[in-house]
Amino acid sequence: MGVISSLKQRLFRWQSDGTTRFRLNQRRIFIVPTRGGLLFATALLVMLIGAINYNLALGHALVFLLAGLGMTGMVHSFRNLHGLLVTPGRSEAVFAGETAHFTLTLDNDRKQPRPALELGIAGEKSVAAAVDRLASSKINIPLLARRRGWLELPRIRLSTVYPLGLFVAWSYLQPAMRCLVYPQPLFSSLPPPRPTAQGGARSGEGGEEDFAGFRERQPADSPRHVAWKASARQNDEQGLLVKQFAGGAETELHFDWAATAGMASSEERLSLLTGWVISAANEGRRYGLEIPGQNIPPGSGEAHRRHCLEALALFPA
């Protein structure tokens with residue numbers, strides 16, 4: 001495997017293209033006949049043998065005419081990629097299980113269009129593209145984000161069989177791009193809020209004076225807060241209930257790693273915290289996050305949400 005990998009590395013010159021724009025030159029474009037091209041060549045060979053055997057001048061002319069046509073197609077396949085400018089773009093953060101999209105910009109500074117392009121990652125769905133003359137085109141490369149953390153963009157194969165389908169020309173692109181993948185959220189009821197030490201947003205459900213109803217018990221809730229009489233009236237399949245109060249002191253949410261101790265694994269604990277962060281952000285609540293090695297003070301807004309999700313995404317495995 002090491003020898004094959006080293007051979008491919010030398011043959012195809014796999015190396016990072018960095019984050020800046022680069023141009024495809026003849027040193028990184030490869031071209032071989034397609035299956036149709038091989039059949040075409042075989043047919044020409046049979047025709048040539050027949051023309052020689054029967055001394056047919058028109059047969060010779062037809063064979064060389066078709067051979068010239070095939071060679072012309074090979075040149076156009078090469079030229080469809082040669083000189084193309086590729087600019088790495090940005091990718092938006094996604095949650096685990098979603099599809100990340102890496103944006104590449106293809107610029108064509110020639111007076112001829114570049115049709116029938118195809119970009120794809122090994123094992124993933126390819127994307128068709130075309131660039132008009134003296135124009136540019138943005139292409140989103142899809143890649144499934146299977147786990148949280150940084151998702152590096154693998155090697156991309158840019159290919160074309162234009163114009164005759166007898167030859168395939170391709171080049172490997174390896175821009176230095178990556179996408180942040182948040183943990184897959186696990187949505188559940190928010191933990192009870194706590195009074196703020198220095199003031200905070202007033203929460204309609206987080207007070208301690210007026211009884212506001214019941215809610216399902218969460219792993220962070222103390223057994224002392226369980227409404228046992230109300231829980232006894234529930235069905236067996238329903239969980240325990242805790243009392244909920246409204247009004248009174250200003251409160252804020254605090255998402256603590258220790259409050260998720262009932263979960264089976266660290267990934268599930270991160271998923272639960274992610275779900276809490278999303279729910280609190282959607283409700284416009286103030287919330288803080290405490291995980292091993294990092295304590296994010298309470299806040300609100302999109303920047304605070306991204307900060308918390310990034311901390312969860314990059315939590316050591």
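See the structure shown above.
Since the model is a prediction, treat every value here as computed from it, not as a measurement.

Calculation criteria
- Every residue gets a number counted from 1 within its own chain, in the order that chain's sequence is written.
- Where totals are concerned, whole chains, interfaces and linings use all residues; where local detail is concerned, this predicted model gives features only for residues with pLDDT of at least 70, and gives and counts side-chain atom pairs only at 80 or more.
- For the side-chain quantities, the full set of heavy atoms in the structure was used; hydrogens and water were omitted.
- Secondary structure elements are defined from DSSP: runs of H or I of at least 4 residues count as helices, runs of E of at least 2 residues count as strands, and each element is numbered from the N terminus.
- Only protein chains enter the accessibility calculation, which uses a 1.4 Å probe; a residue is then buried when its area is under 20% of its type maximum, exposed when over 50%, and partly exposed in between.
- Only heavy atoms matter for contacts: two residues are in contact if any of them lie within 4.5 Å across the pair.
- To measure how exposed things are, a 1.4 Å probe is used in the Shrake-Rupley method; for residues, cover is taken only from the protein chains shown.
- Among the buried residues, those of types Ala, Val, Leu, Ile, Met, Phe, Trp, Tyr and Cys that are joined through side-chain atoms within 4.5 Å form a nonpolar core.
- Every axis in this analysis is a line fitted to C-alpha atoms, fitted for helices over the stretch in contact. Angles between the N-to-C directions lie between 0 and 180 degrees.
- Note that the term roughly parallel is reserved for angles under 35 degrees, roughly antiparallel for angles over 145, roughly perpendicular for angles of 65 to 115, and oblique for everything else.
- Handedness of a crossing is defined here by the sense of rotation of the near helix relative to the far one, left-handed for an anticlockwise turn of less than a right angle and right-handed for a clockwise turn.
- Residue polarity is assigned by list, with Asp, Glu, Lys and Arg as charged and Ala, Val, Leu, Ile, Met, Phe, Trp, Tyr, Cys and Pro as nonpolar; anything else, Gly included, falls into the polar class.
- Only residues whose relative accessible area exceeds 30% and that take part in no salt bridge are eligible for patches, with like-charged residues grouped when within 9 Å of each other and nonpolar side chains (Val, Leu, Ile, Met, Phe, Trp, Tyr) grouped when within 5 Å.
- By salt bridge we mean one thing: a side-chain nitrogen of Lys or Arg within 4 Å of a carboxyl oxygen of Asp or Glu.
- Paired strands, as defined in this entry, are two strands with at least two bridges between them according to DSSP.
- To estimate the expected span of a helix, subtract one from its residue number and multiply by 1.5 Å.
- In summary, the pairing rule links any two rings of Phe, Tyr or Trp, Trp by its six-membered ring, whose centres are within 6.5 Å, and it sorts them by plane angle into stacked for under 30 degrees, edge-to-face for over 60 and tilted for everything else.
- Only Lys NZ and Arg CZ are tested; either one counts as a charge over a ring when it is within 6 Å of the ring centre and within 35 degrees of the ring normal.

1. Here's the deal with the overall build of the chain
Then, number 1: Scanning the chain from N- to C-terminus turns up 6 helices and 18 strands.
Then, number 2: Here the chain holds 317 residues, and the buried ones make up 40% of them.
Then, number 3: Partitioning the contacts of the chain with sequence separation of at least 6, the portion at a separation of at least 24 is 69%.
Then, number 4: Working note: accessible area of the chain is about 18200 Å², and carbon and sulfur atoms make up 54% of it.

2. Observations regarding the nonpolar core
Then, number 1: If you look at the biggest cluster of nonpolar residues, it comprises 31 residues, and the most contacted ones within it are Phe 102, Leu 119 and Leu 173.
Then, number 2: Elements represented by at least two residues in this core include exactly β5 (99-108), β6 (114-121), β7 (127-131), β8 (135-144), β10 (156-160), β11 (167-173) and β12 (178-182).
Then, number 3: For this core, the element with the most residues is β5, which contributes 4 residues.
Then, number 4: Those residues in contact with Leu 119 that lie beyond four places of it in its chain are Leu 104, Leu 106, Ser 126, Val 127, Ala 129, Ile 139, Ile 141, Ile 156, Arg 157, Leu 158 and Leu 173.
Then, number 5: Formed by 24 residues, the second largest nonpolar core is a distinct cluster that contains Phe 255, Leu 273, Leu 289 and Ala 313.

3. Considerations on the packing of helix α2 (residues 35-54) against helix α3 (residues 57-81)
How two helices pack is summed up by the angle between their axes together with the distance between the axes.
Then, number 1: Across the interface, α2 lies against α3 with an axial gap of 8 Å and an inter-helix angle of 160 degrees. With respect to their mutual orientation, α2 and α3 come out roughly antiparallel. For the pair α2 and α3, the sense of crossing is left-handed. Taken together, the residues of α3 that come into contact with α2 (itself represented by Phe 40, Leu 44, Met 47, Leu 48, Ala 51 and Ile 52) are Gly 59, His 60, Leu 62, Val 63, Leu 66, Ala 67 and Gly 70.
Then, number 2: Per-class residue counts for the contact of α2 with α3 are 10 nonpolar, 3 polar and no charged.

4. Regarding a nonpolar patch on the surface
Then, number 1: There is a patch of nonpolar side chains on the surface, built from Met 47, Leu 62 and Leu 65 and spanning about 270 Å² of accessible area.
Then, number 2: If you trace the backbone, Leu 65 turns up in helix α3.
Then, number 3: The exposed category is assigned to Leu 65, whose relative accessible area is 59%.

5. So, the sheet that holds strand β1 (residues 22-23)
Then, number 1: Read across the sheet, 4 strands follow the order β1-β3-β5-β8 without closing on themselves; strand pairing throughout is antiparallel. Looking at the sheet topology across the chains shown, the edges are occupied by β1 and β8.
Then, number 2: The pairing of β5 with β8 spans 10 bridges and is antiparallel. Paired with Leu 106 across the strands is Ser 137, a residue of β8.

6. What about the environment of Gln 174?
Then, number 1: Following the sequence through the fold, Gln 174 ends up in the loop between β11 and β12.
Then, number 2: Judged by relative accessible area, Gln 174 falls into the partly exposed class, the value being 23%.

7. Observations concerning helix α6 (residues 302-313)
For an α-helix, 3.6 residues make a turn, and residues three or four places apart therefore share a direction.
Then, number 1: Here α6 is 12 residues long and its end C-alpha atoms lie 16 Å apart, about the 16 Å a rise of 1.5 Å per residue gives.
Then, number 2: Listing the buried residues of α6 in full gives His 304, Arg 305, Cys 308, Leu 309, Ala 311, Leu 312 and Ala 313.
Then, number 3: Buried residues along α6 sit against β4 (94-95), β9 (149-152), β12, α5 (266-282), β17 (287-291) and β18 (294-299).

8. What about the packing of α5 against α6?
Then, number 1: Direction vectors running N to C along α5 and α6 enclose 175 degrees, while the axes themselves pass 10 Å from each other. Here α6 runs roughly antiparallel to α5, going by the angle between their axes. Across from Leu 270, Leu 273, Thr 274, Val 277 and Ala 281 in α5, the residues of α6 making contact are Arg 305, Cys 308, Leu 309 and Leu 312.
Then, number 2: Across the contact of α5 with α6, the residue classes break down as 7 nonpolar, 1 polar and 1 charged.

9. Here's the deal with the packing of aromatic side chains
Then, number 1: All told, the structure shown has 5 aromatic pairs when counted by the stated rule.
Then, number 2: The lysine or arginine in question, Arg 155, covers the ring of Tyr 172, its NZ or CZ lying 6.0 Å from the ring centre.

10. Quick word on the sheet that holds strand β2 (residues 30-33)
What holds strands together in a sheet is hydrogen bonding between their backbones, with the strands either parallel or antiparallel.
Then, number 1: Spatially, 5 strands are ordered β2-β11-β10-β6-β7 in an open sheet, and the strand pairing comes out antiparallel. The open sheet has two edge strands, β2 and β7, and neither has a second partner. Pairwise comparison of adjacent strand axes, ignoring direction, gives a mean angle of 30 degrees for this sheet.
Then, number 2: Of the strands in this sheet, β2, β6, β10 and β11 are in contact with α3, which crosses β11 at around 20 degrees.

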